[in-house]
2 protein chains.
Amino acid sequence: MDFKARARELVSQMTLEEKMGQMKYNAPAIPRLGIPAYNWWNEALHGVARSGTATVFPQAIAMAASFNDELVHEVADAISDEARAKYNEYKTFGETLIYQGLTCWSPNINIFRDPRWGRGHETYGEDPYLTGRMGAAFVEGLQGDDPVYRKTDATLKHYAVHSGPEGLRHSFDAEVSREDLYGTYLAAFRYCIEKAHPAAVMGAYNRVNGEPCCASKTLLTDILRGEFGFDGYVVSDCGAIRDIDLHHKVTNGPDESAALAVKNGCDLNCGAAYTYLMAAYEKGLIGEEEITASAERLMEARLRLGMFDEGCPYDSITMDVVESPEHIALNREIARQSIVLLKNDGILPLKGSETIAVIGPNADSKAVLLANYNGTPSRYTTLLRGIQEAASGKVNYAEGCHLFREEDPDGCSQHPLREAILAAKRSDVVVLCMGLDPAMEGEEGDAYNCTASGDKLDLELPASQKTLYREIVKTGKPVIFVNVSGSCLNLCDQDRECAAVLQCFYPGAEGGHALADILFGKVSPSGRLPVTFYKSADDLPDFTDYSMKGRTYRFFEGEPLYPFGHGLSYTSFAENWLDGETVEVRNTGKMDAWHTVLKFAREPHPQLVGFRKVWVPAGETVTVQVRQD
Amino acid sequence: MDFKARARELVSQMTLEEKMGQMKYNAPAIPRLGIPAYNWWNEALHGVARSGTATVFPQAIAMAASFNDELVHEVADAISDEARAKYNEYKTFGETLIYQGLTCWSPNINIFRDPRWGRGHETYGEDPYLTGRMGAAFVEGLQGDDPVYRKTDATLKHYAVHSGPEGLRHSFDAEVSREDLYGTYLAAFRYCIEKAHPAAVMGAYNRVNGEPCCASKTLLTDILRGEFGFDGYVVSDCGAIRDIDLHHKVTNGPDESAALAVKNGCDLNCGAAYTYLMAAYEKGLIGEEEITASAERLMEARLRLGMFDEGCPYDSITMDVVESPEHIALNREIARQSIVLLKNDGILPLKGSETIAVIGPNADSKAVLLANYNGTPSRYTTLLRGIQEAASGKVNYAEGCHLFREEDPDGCSQHPLREAILAAKRSDVVVLCMGLDPAMEGEEGDAYNCTASGDKLDLELPASQKTLYREIVKTGKPVIFVNVSGSCLNLCDQDRECAAVLQCFYPGAEGGHALADILFGKVSPSGRLPVTFYKSADDLPDFTDYSMKGRTYRFFEGEPLYPFGHGLSYTSFAENWLDGETVEVRNTGKMDAWHTVLKFAREPHPQLVGFRKVWVPAGETVTVQVRQD
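Only a predicted model underlies this, so the values are computations on that prediction, with no experimental measurement involved.

Caption draft 1: Local environment of the overall build of chain A. Along its length, chain A carries 20 helices and 19 strands. In summary, chain A has a C-alpha radius of gyration of 25 Å against a globular reference of 25 Å for 629 residues, a match within 12%. Considering only C-alpha atoms, chain A reaches an extent of 75 × 55 × 50 Å along its principal axes. A burial count over chain A gives 67% of its 629 residues as buried.

Structure representation (structure tokens):
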């Protein structure tokens, strides 16, 4: 019997109240029907998150910078193996708690339309096509390739038109044109749904053109299930249903909010609003058939995950996969491919025998490895440690400054600036590790950047770091600037004054090894920017303006510092296009390396329409197909 | 010309105001006399602190547990080399900021009279003789052995009768008998002064029998400079002079407080109270000759440190000493010797090939390595990492619980408990790393343990850890319990239920290597408890009661869980006393190891009167002199 029919059969034995209960993210057991309690909330953005030890891969924005969707597929496959292994153990407790299940509320395929958005690093960047390709690869990796069962469920989020401001998200109305809606904000959702068939979609907090996303007839009924043919289940963002009456003030109470959401196909509620469904039913706001439809979709999903079957092949995955040597090697590989060389005057790669000053608040930071929505690595390598392990010369470490607190010259706290100046003077070269950390750009409530609820006010380095930067440059030592952040910062000074500039998006537990592999030339850098690096936030429209005009490489009319797709190599390549889809890539330098072929359309605006990353040994030529698929 | 005469000559050229200026910890420059600005405040409790990269040795209480004062001397020698190297670099800036100078406000030789005191881990424990020996070794190591110059200044603190409560320290009056004063609270001060001639003594915040310590005629004039013959300088604790009028209410204002302190020989002020000295002088509260005496003592100290000379041999110490391979090896050695084996049913040492679950909130904690008053290691090894590096079998890590926050079964935060249970079940043996961290026991204002201003309310593990502990024991797997704390906790359950119990005081940057060396039998444990491990705080007098009655092994009349001096080995020893000072120590087991000979007097109360730590190869006999010196 197929899963749809089994779900119908199972739900047909439930009372109305039981059906409503299954629509809560913390679904209770129905022992009579052999249904254990199940908490639907799990996270897997770049590794199984919030569930203890796991391989912590680079943050999503870093994976996007690899421009290697085949590798992202491998990563997602590894993540879902770890999630399965954990679930297989956890379920021996009889029920499944939060962060222990198989339903992953990942990936985040929102468009990083403005660099000030604190959660931008959870996304695959600013381009709908790149986001679609990466999202689809991730979904396929999470869901597996078994013909019968899903390994885990992937959830596309946040549907839709969601990218800050964090502080306003519970009441914000994103006003957007039809062209921007389809051409930008929904494009990756459509791509992923058609290509990868995700099990679920999560509705966003905000409204779009007046309609709350989690209860929007336009977005959910007409477009998602109608035009896009999505046949999975929809889950609300956490607390988003209550926002409809409390903050959006579109309905008059939680019963109305719950009813409106279910009517438009929001099947599962993260939060407590669906406890009002019975009240809504009794008022006639919602009918049993709509409840039944949602319950059936949810039970079908659980059945398809093999939760009620004996023979699911994924049941045999054991904890040996978690942080296995293979996963750690894969982690190092994608971390290497995610680092972007923005400038190099020839100083890189280093010989390794130099005396190196490693300076800056991000040099020995564990937090920048992990980003947000992260697991716990049982072993991790900071940027400093990676350099220490790989260097054959002396390494002088100095923190130099706090990430954002400025030195008080008369205060009794530490004064790290002078140590850094002295360390630089004692060294041949400085690796300066600056930028942000996930406490400075993140989600509302998580981030400590309370001035902007997780968002950034501008694209500047914190003043504490600017002071340190200026003093280090003054020493006259060559500076390799490693910017660690999940978003664009203004690196104009660095581009002018430093010998080399690297963009290291939050790189995961193997970040230090990966950076050292690049610095010392074990591998050539091959990452590309998945976002435009602007010179200033002043070049951008207002943050609350959701029009794409003047945003991203597709519509920006100014001069960026580094464009979308920028990324240097230690070798050189020549591309020879044989036709619109076929290109010969010749490695004209002396080092084997990865190269990414990018194919852009120019009309009506610049638009990435294809890419392919290939390994090309030095001196050799590889023929590549770059299809828009 | 000797330093005293040079100081007199120098000070004779100063105006009264200039002399008063030199009595502030942030002493201004007097360019006319070639005197640069100098900030007296530096810290070196277990490594150069708050001044960037440095070798971070085990916390003071851990060093005491080594019972190896020769090794502590080596550590202090290494620390003062690092302080000198830093000063030699910093002084190129022309002036010397906080934490960049040569005047170390260490060691803390207060008596750890009650395990609830948050700062107890800064001390050498509960015994005056052990504290004196360790303190003297530390002072000698800091000050060096040059016949002319001091390498750095050591400062005995906090003089006197200072050990909590932290929340009351600015107004507290410690009432103490003459017998407890001399027999307990002043004994280590006297010992260190007579044996090691420290440059400085720091006055405490509190009062003793009504007199504020930093302005006490009894403590400073009569006892310290009179009876003990101390001829160095006295510095106030930070802000302590203002406490005299603001909180002790012994004087009527800051001018009176400053005058009273200087009159009793408190030469240097940490804080701002001495800015009132001119007002005090103008009111006739203090005379110029007293100001001159203090200024002379301070300038003599700076002269003796070679600050104004060309030929000081310590000027040639370079930054190569900081975290040198020799210092890192020394750090690992003292960390090994500081770990105390409290119980062993034979499970230790491990073979190394077992599957090991490493569980607990302190397993991968950097904070517990560093304790407080710490520097920054450029490389550190957590307990988990040390075990991972040394084990040949699989290591399953699970944090298990937050250090003190309890799991909310319905909350959206992580639920680490189950992972830990599963990790234990999957393993042959559990290494359970629990205890406190420096945020839970520390100084007023530093510690996050806001319920008690840094002190502990009892000797219990936090409830979150008790829950985890109980669940792990229930798995039936053998548990090696590693208690990481700077003080006694109630380990009665662990003693009864665990296969082995280790006390790991905050062990420094090499802590993980040291623990692994012990667990896997690379070395035998040789640490001894420098404090009594009680069964409960209920067995103790009130925390505010400074009578020694009922406290420490010397006066406690109950049954401790583990007595002062307790510590097991992997081998066995036989002692054969030839006379009151000479003992033959035979290693009757199969492993070379350190052994500590302890010599106690029994009347009028138990009292350690001698100890000596010796290396005894297996099967061999070593003859040792144990003199009370």
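That covers the picture; the talk isn't over yet.
Caption draft 2: Here's a closer look at the packing of aromatic side chains. All chains considered together, the criterion is met by 42 aromatic pairs over all chains. With a centroid separation of 5.7 Å and an interplanar angle of 85°, the aromatic rings of B:Y469 and B:F481 are classed as edge-to-face. With B:Y469 in helix 17 (residues 463–474) and B:F481 in strand 13 (residues 479–484), the pair connects residues that are 12 residues apart, well separated along the chain. B:F481 carries the same exposure label as B:Y469, and that label is buried. Across the ring face of A:Y373, the terminal group of A:R50 is positioned such that the distance to the ring centre comes to 4.2 Å.

Caption draft 3: Here's a closer look at the nonpolar core. Ranked by size, the top nonpolar core spans 108 residues in total, and within it A:W40, A:W105, A:Y159, A:V161, A:L224, A:Y274 and A:L608 carry the most contacts. Ignoring anything within four residues of it in the chain, the contact list for A:W40 reads A:Q22, A:K24, A:Y25, A:A27, A:T103, A:W105, A:Y233, A:L268, A:L298, A:A301 and A:R302.

Caption draft 4: Structural view of the environment of B:R133. Residues and elements named next belong to chain B. By the secondary structure assignment, R133 is in helix 5 (residues 128–143). Considering only alpha carbons, one finds R133 and V482, 349 residues apart in sequence, at a separation of 28 Å. Engagement of the side chain of R133 in a polar contact is seen with the side chain of Y129, the distance being 2.6 Å.

Caption draft 5: The arrangement of the relation of the copies chain A and chain B in detail. For the match of chain A to chain B, the screw axis carries a shift of 0.0 Å, the RMSD comes to 0.0 Å, and the turn is 180°. Read as a symmetry element, the transformation amounts to a two-fold axis. Judged by C-alpha distance, A:K366 is the residue of chain A that lies nearest the rotation axis, at 5.3 Å. A shared interface surface links the copies, since 100% of the contact residues of chain A are contact residues in chain B too.

Caption draft 6: Representation of the state of the cysteines within the structure. Scanning the entire structure with this criterion turns up 2 disulfides over all chains. One disulfide bridge connects A:C238 with A:C270, the sulfur atoms lying 2.1 Å from each other. The sign of the S-S torsion, about 90°, decides the handedness of the disulfide formed by A:C238 and A:C270: right-handed. Of the two residues, A:C238 sits in the loop between strand 8 (233–236) and helix 9 (240–246) while A:C270 sits in the loop between helix 10 (254–263) and helix 11 (277–282), which places them 32 residues apart along the sequence. Cysteine B:C104 is unpaired, with the sulfur of B:C312 as its nearest cysteine sulfur at 14 Å. On the accessibility criterion, B:C104 (0% relative accessible area) is buried. No disulfide involves B:C498; its sulfur sits 12 Å from the nearest other cysteine sulfur, which is in B:C433. Looking at B:C498, the relative accessible area reads 2%, which means it is buried.

Caption draft 7: Inspection of the pattern of salt bridges at higher detail. In the structure shown here, the tally under the stated rule is 85 salt bridges over all chains. The salt bridge partner of B:K157 is B:E43, with a shortest N-O separation of 3.3 Å. With a gap of 114 residues between them, B:K157 in strand 3 (residues 155–159) and B:E43 in the loop between strand 2 (38–39) and helix 3 (60–65) connect regions that are remote in the sequence. Judged by its relative accessible area of 4%, B:K157 is buried. B:E43 sits in the buried class, given a relative accessible area of 2%. Across the pair B:E122 and B:R119 runs a salt bridge, and its minimum N-O distance is 2.8 Å. Residue B:E122 is classed as buried on the basis of its relative accessible area, which comes to 1%. Through salt bridges with shared partners, a single ionic network connects A:R119, A:E122, A:E166, A:R169, A:E443 and A:E444.

Caption draft 8: Fine view of the packing of helix 4 (residues 69–90) of chain B against helix 5 of chain B. All names here are of chain B. Where helix 4 meets helix 5, the closest approach of the two axes is 7 Å, and the angle between their N-to-C directions is 35°. At the point where helix 4 passes helix 5, the crossing takes the right-handed sense. Contacts between helix 4 and helix 5 involve D69, V72, H73, A76, D77, I79 and S80 on the former and, on the latter, R133, M134, A137, F138, E140, G141 and L142. Split by residue class, the contact of helix 4 with helix 5 holds 7 nonpolar, 3 polar and 4 charged.

Caption draft 9: Fine view of helix 10 (residues 254–263) of chain B. Residues and elements named next belong to chain B. Buried residues dominate helix 10, accounting for 7 of its 10 residues. Taken residue by residue, helix 10 has P254, D255, S257, A258, A259, A261 and V262 as its buried positions. Where helix 10 is buried, its residues touch helix 9 (240–246), helix 11 (277–282) and helix 12 (288–304). After helix 10 finishes, the residue G265 shows a positive phi value of roughly 90°.

Caption draft 10: Here's a closer look at the interface of chain A and chain B. Contacts between the two partners involve 42 residues from chain A and, on the opposite side, 42 residues from chain B. Both sides of the chain A and chain B interface together cover about 3,900 Å² of buried area, and 46% of this is carbon and sulfur. Area buried by chain A at its contact with chain B is led by A:R379, A:R385 and A:R418, which between them contribute 18% of it. Across the chain A-chain B interface, the total number found is 10 salt bridges. The partner of B:K366 in a salt bridge is A:D364, and the shortest N-O contact between them spans 3.8 Å. If you look at where chain A meets chain B, you find 17 residue pairs in polar contact (both at pLDDT 80 or more). Where the side of chain A that touches chain B is concerned, the elements lending two or more residues are helix 4 (69–90), helix 15 (383–390), strand 11 (395–398) and helix 16 (417–425) of chain A. Considering only residue class, the side of chain A that touches chain B consists of 16 nonpolar, 12 polar and 14 charged.

Caption draft 11: A look at the sheet that holds strand 16 (residues 582–587) of chain A. All names here are of chain A. Pairing is antiparallel in the open sheet, where 3 strands are placed in the order 15-16-19. Among the strands making up the open sheet, the edge pair consists of strand 15 (573–577) and strand 19 (621–625). Strand after strand, the sheet turns through a mean of 25° between neighbouring axes, direction not considered.

Caption draft 12: Examining the pairing of strand 10 (residues 356–359) of chain A more closely. Residue and element names in this part refer to chain A. Neither face of strand 10 is left uncovered, since the one carrying I356 and V358 and the one carrying A357 and I359 both have all their residues buried. The pairing of strand 10 with strand 12 (residues 429–435) spans 4 bridges and is classified as parallel. Bridged to A357 within strand 12 is V430.

Cut-offs used in this document
- Residues numbered from 1 in each chain as written.
- Chains lettered and ligands numbered in written order.
- Predicted model: local features only at pLDDT ≥ 70, side-chain atom pairs only at ≥ 80, totals over all residues.
- Heavy atoms only, no water.
- Helix = DSSP H or I, 4+ residues; strand = E, 2+ residues; numbered from the N terminus.
- Rg over C-alpha atoms; globule rule 2.2 N^0.38 Å.
- Buried < 20%, exposed > 50% of the residue type's maximum accessible area, 1.4 Å probe, protein only.
- Phe/Tyr/Trp six-rings, centres within 6.5 Å; stacked < 30°, edge-to-face > 60°.
- Lys NZ or Arg CZ within 6 Å of the ring centre and 35° of its normal.
- Core = buried A, V, L, I, M, F, W, Y, C linked by side-chain atoms within 4.5 Å.
- Contact = heavy atoms within 4.5 Å.
- Polar contact = N/O pair within 3.5 Å; in protein donor to acceptor, adjacent residues only side chain to side chain.
- Least-squares fit on C-alpha atoms with pLDDT ≥ 70 in both.
- Disulfide = S-S within 2.5 Å.
- Salt bridge = Lys/Arg side-chain N within 4 Å of Asp/Glu carboxyl O.
- Axes fitted to C-alpha atoms, helices over the stretch in contact; angles between N-to-C directions.
- Left-handed = near helix turned anticlockwise from the far one by under 90°.
- Nonpolar A, V, L, I, M, F, W, Y, C, P; charged D, E, K, R; others polar.
- Buried area = accessible area lost by both parts, 1.4 Å probe.
- Pairing = 2+ DSSP bridges.

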